[in-house]
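Fold and contact review
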Amino acid sequence: MARTIGGPDSLLYRAVITATYTDEVTLATDQRTYGRKNKSLTREGMTLTWYEGPYDAPGKVESRRTIWTRIYEKKPAARMECELQSCVPQWAPLPEAS
């Protein structure tokens, strides 16, 4: 049974969220909260970065930016930037099993 899952020109999209904090307590709270839901979360100094996606349509990733913008508008001790990215996946052979 054949099915279409996208050709070689099918784009994938993701959001890269970077939040910079001026308050250690807010940063630590967000790190615990957001780290539970997103294993890509990393901390460098007073900055948290994480990725959301991949998504199959640009509208889905743009909605993530809107959501995070609204969340961070309510946080006076933090500012957020969100970069939207796209890629075309490439197939590669798996190494031989030993």
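One can find the structure itself at the top, above this paragraph.
Residues numbered from 1 in each chain as written. Predicted model: local features only at pLDDT ≥ 70, side-chain atom pairs only at ≥ 80, totals over all residues. Heavy atoms only, no water.

Overview of the overall build of the chain
Note the cut-off: Counting from the N terminus, the helices are the DSSP runs of H or I reaching at least four residues and the strands are the DSSP runs of E reaching at least two. Restricting the calculation to C-alpha atoms gives the radius of gyration, and the globule rule supplies 2.2 Å times the number of residues raised to the power 0.38. Residue exposure (1.4 Å probe, protein chains only): buried if accessible area is under 20% of the type maximum, exposed if over 50%, otherwise partly exposed. When checking whether two residues touch, look at their non-hydrogen atoms; a contact exists if any pair is within 4.5 Å. To be clear on the numbers: accessible area is Shrake-Rupley with a 1.4 Å probe, and residue cover counts the displayed protein chains and nothing else. The charge count includes Lys and Arg as positive and Asp and Glu as negative, but it does not include His or the ends of the chains. Every charge is mapped onto a representative atom, which is NZ of Lys, CZ of Arg, CG of Asp or CD of Glu.
Within the chain, the secondary structure is distributed over two helices and four strands. Taken from N to C terminus, the helices and strands of the chain fall in the order β-α-β-β-α-β. By the compact-globule yardstick of 13 Å for 98 residues, the chain is too spread out, its C-alpha radius of gyration being 17 Å. Reported as C-alpha extents along the three principal axes, the dimensions of the chain are approximately 55 × 40 × 20 Å. Here the chain holds 98 residues, and 26% of them are scored as buried. In the chain, the share of contacts with a sequence separation of at least 24, taken over all contacts with a separation of at least 6, comes to 67%. Summing over all exposed atoms, the chain offers an accessible surface of approximately 7,400 Å²; the carbon and sulfur share of this is 54%. Distance between charge centroids for the chain: 8 Å, based on 14 positive and 12 negative side chains.

Let's talk about the sheet that holds strand 4 (residues 78-87)
Heads up, the rule is: If DSSP finds at least two bridges between two strands, the strands pair. Axis lines are fitted through C-alpha atoms, for helices just across the contact stretch, and the angle between N-to-C directions can take any value from 0 to 180 degrees.
Read across the sheet, four strands follow the order 2-3-1-4 without closing on themselves; strand pairing throughout is antiparallel. With one partner strand each, in any of the chains shown, strand 2 (42-44) and strand 4 form the two edges of the open sheet. Geometrically, the sheet is characterised by an average inter-axis angle of 20° between neighbouring strands, direction not taken into account. Relative to strand 3 (residues 47-55), strand 1 (residues 12-21) runs antiparallel, the two being bridged by seven bridges. Bridging from a neighbouring strand, I17 pairs with W50 of strand 3. Sheet contacts for helix 1 (residues 24-37): strand 1, strand 2 and strand 3; angle to strand 3, the most-contacted strand, approximately 30°.

Regarding the nonpolar core
Stated precisely, the cut-off is as follows: Among buried residues, those of type Ala, Val, Leu, Ile, Met, Phe, Trp, Tyr and Cys that are joined through side-chain atoms within 4.5 Å constitute a nonpolar core.
The biggest cluster of nonpolar side chains holds 16 residues, and the ones touching the most others in it are I17, Y21, Y34, W50, W68 and Y72. If you list the elements that add at least two residues to this core, you get strand 1, helix 1, strand 3, helix 2 (58-73) and strand 4. Ignoring anything within four residues of it in the chain, the contact list for W68 reads I17, Y34, W50, E52 and M80.

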